[in-house]
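Topology and contacts: notes
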Amino acid sequence: MCSLFCGSTHSFCFPRQHAKTLWYDRPRYVFLEFCVEDSTDVQVIIEDHRLVFSCKNADGVEFYNEINLYARVNSKDSREKRSDRSITCFMRKWKEKVAWPRITKENIKPAWLSVDFDNWRDWEGDEEVERAMVEEYAELLQKVTDKAPPPTMDDLDFATRVVSCREAELRPEGGGEPVRGFQVVLEDTILFPEGGGQPDDRGLIDAVPVLRVTRRGPEAVHFVETALEPGSAVMLSLNWERRFDHMQQHSGQHLITAMAELMFGFKTTSWELGRQQSVIELDTPSMTTEQMEALEQSVNEKIRERIPVTVRELSADDPEVETVRSRGLPSDHTGPVRIVDIEGIDSNMCCGTHVSNLSDLQVIKLLCTEKGKKSKTNLVFLAGNRVLKSVEQSHRTEKALTSLLKNGPGEHVEAVKRLQSSVKLLQKNNLNLLRDIAVFIAKDFKSKPVHSPLFVLHRKEGDSEFMNIIANEIGKEETLLFLTVGDEKEAGLFLLAGSVEAVENLGPRVAELLEGKGAGKRGRYQGKATKMSRRGEVQALLQEFISQQRDEA
């Protein structure tokens, strides 16, 4: 209810009313007529289980009706038509030829709602009347202009309306803090929600980016960071580059799956459309190189033959549904079943987006096979533009290697092998030198007439073996050794050696100071450190411990 006066001019504002409403039942449709003459600002939202109507008349009176429907309707195949005397909605039944005893879900009749007895008739069994009514409804649908036709698969922009908008959170795919935003349901959409192994589309609602599209029953839910007004008209635009990439990979998967089964009997048990590569899981423990080459040649021959790819719909109880390739329908599936046909090759139950001809795939490259789970084989592939991008990346890498190795692409492998051999030899020589240095350091310490009770050494180059050689060579429990290797301020390795009692007491404290982890036994404690810059604090700790030991002695 609005206030008595509204707006800056203080014009009179009538209270909102219910419009007088008539309804009647037909075999395929339910009709609602809202009796408002000379209506303006008409808004009709038809959902699967609900209808919301609002408008104004010539005197500025606002009307609003909301009806929870008796049964489900096909909201995408329902329309409204305005005339000077009324607004008529015809909603297509989800279950046709099933009579509705009432229009409302609740068994309560509002005062503003009446049966239109002039149009009500007992249509059950009257085939001629039913056929005539169907033709009449089809004609009415053709005349409707208030609501745009549903989108097609290749629409890049689409005008629609916001049905609902509610607060929600989105968890990023790579992890991290949830993003606060809104879940938006539109009257129709051109953005594909994730499902069937295919990721979701991206796009814009007006200028608002769509960050995720998911399926909730028959609805596509769009996640955005900006609230959108329910009932408002919006322009939906599609990220075509992402969509076309998914179309190529998905249609490519259908083709590979069909040919792998036709040629070798390998059935597909699952697949994943990845960001860089896609993977088909085949129900076979192995696949030979010869089989993979033959399969790649075959699928590319089919691409060159320009074979059409078509989409059709079947009712769920159609016997043909049992003959097509399928991994089953989702538990919450409703409505017709969508079939994707590659002419003469494959019929597959699928909800995804696809090319209209195999020639749109351009090319398919089978990259490799990997061992899968439970005696399965994963076949890795690229299709279409991804093959071109892979070739481009490989060419850039090849040019860079040619420049670095100073030889041609055909000699790269041998050149790298020679470099690896040289590196291994250098590493071996380096290790030998480090061992010699470790022995020299220990002997130098032992050669001095007076041995310090604390020996501290840090070296950037070195490893655990280097430190243990020094500890073994010195070998005196009365000397406390603190050895470190690695970066002087960041991460590295450490070793504390000495008497069993001293090491057990000091080892965990040393690890804590260096913000690392370690373990010890038999007078040695060693581990990894993340803060080598605190070596001075460790040395001070050890000096204090030695001083205490002297005082006690």
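Up top is the structure these notes are about.
Going along each chain's sequence as written, the residues are numbered from 1 onward. Two thresholds apply to this predicted model, a pLDDT of at least 70 for residue-level local features and 80 or more for giving and counting side-chain atom pairs, whereas whole-chain, interface and lining totals are computed over all residues. For side-chain calculations, the full set of non-hydrogen atoms in the structure is used, while hydrogens and water are omitted.

**Some thoughts on helix α4 (residues 385-405)**
Worth spelling out the cut-off: What counts as a helix is a DSSP run of H or I of at least four residues, what counts as a strand is a run of E of at least two, and both are numbered from the N terminus. Expected helix span is computed as 1.5 Å times (number of residues minus one). Burial here depends on accessible area, computed with a 1.4 Å probe over protein chains only, as a share of the maximum for the residue type. Under 20% is buried, over 50% is exposed, and the range in between is partly exposed. Relevant arc is that of directions from the helix axis to the C-beta atoms, nothing else. Contact between two residues is taken to exist if any of their heavy atoms lie within 4.5 Å; hydrogens are not considered.
Taking 1.5 Å per residue, 21 residues should reach 30 Å; α4 reaches 30 Å between its end C-alpha atoms and fits that length. Within the span of α4, buried status applies to Arg386, Val387 and Leu405. Buried residues of α4, viewed axially, fall in a sector of 95 degrees; they line one side. Exposed side of α4, more than 90 degrees from the buried face: Lys389 and Lys399 are the residues found there. Packing partners of the buried residues in α4 comprise α2 (240-264), β18 (268-273), β19 (278-282), β23 (364-371), β24 (377-383) and α5 (412-447).

**Quick notes on the sheet that holds strand β29 (residues 524-529)**
In plain terms, the rule: By definition, two strands form a pair when at least two bridges between them are found by DSSP. Orientation is described by axes fitted as lines to C-alpha atoms, over the contacting stretch for helices, and by angles from 0 to 180 degrees between their N-to-C directions.
Taken in spatial order, the five strands of this open sheet run β25-β26-β27-β29-β28, and their pairing is mixed. If you trace the sheet from one side to the other, it starts and ends with β25 (454-459) and β28 (517-521), each paired once. Pairwise comparison of adjacent strand axes, ignoring direction, gives a mean angle of 10 degrees for this sheet. One ladder, built from six bridges, connects β25 with strand β26 (residues 480-486); its direction is parallel. Along β26, the bridge assignment pairs Val456 with Phe482. Where helix α8 (residues 535-552) meets the sheet, it contacts β25, β26 and β27 (492-497), and its direction lies at approximately 175 degrees from that of β26.

**Remarks on the environment of Arg171**
Of note, Arg171 is situated in the loop between β11 (157-170) and β12 (179-186). The class for Arg171 is exposed, based on a relative accessible area of 59%. Leaving out residues up to four positions away in the same chain, Arg171 has contacts with Pro178 and Arg212.

**Notes on the packing of α2 against helix α3 (residues 289-304)**
The following threshold applies: Throughout this description, any angle smaller than 35 degrees is read as roughly parallel, any larger than 145 degrees as roughly antiparallel, any in the 65 to 115 degree range as roughly perpendicular, and the remainder as oblique. Each crossing gets its hand from how the near helix is turned against the far one by less than a right angle, where anticlockwise is left-handed and clockwise is right-handed.
Running from amino to carboxyl end, α2 crosses α3 at an angle of 125 degrees, the nearest separation of the two axes being 10 Å. On the basis of the axis angle, α2 is oblique to α3. Between α2 and α3 the crossing geometry is right-handed. From α2, Leu255, Ile256, Met259, Ala260, Met263 and Phe264 reach across to α3, where they touch Gln291, Ala294, Leu295, Ser298, Val299, Lys302 and Ile303.

**Details of the sheet that holds β11**
If you walk across this open sheet you meet the seven strands as β14-β13-β17-β11-β12-β16-β15, and the pairing is antiparallel. Only two strands of the sheet have a single neighbouring strand rather than two, namely β14 (208-210) and β15 (212-216). Averaged over all pairs of adjacent strands, the angle between strand axes in this sheet comes to 40 degrees, irrespective of strand direction. Where β15 and strand β16 (residues 219-224) come together, five bridges link them in antiparallel fashion.

**Digging into unusual backbone geometry**
For Arg306, which is not glycine, the phi dihedral falls at a positive 55 degrees. Position of Arg306 relative to the elements: it lies in the loop between α3 and β20 (309-314). Its identity is not glycine, yet Ser375 carries a phi of approximately 60 degrees, on the positive side. Counting through the fold element by element, Ser375 comes out in the loop between β23 and β24. For Ser375, a relative accessible area of 53% translates into the label exposed.

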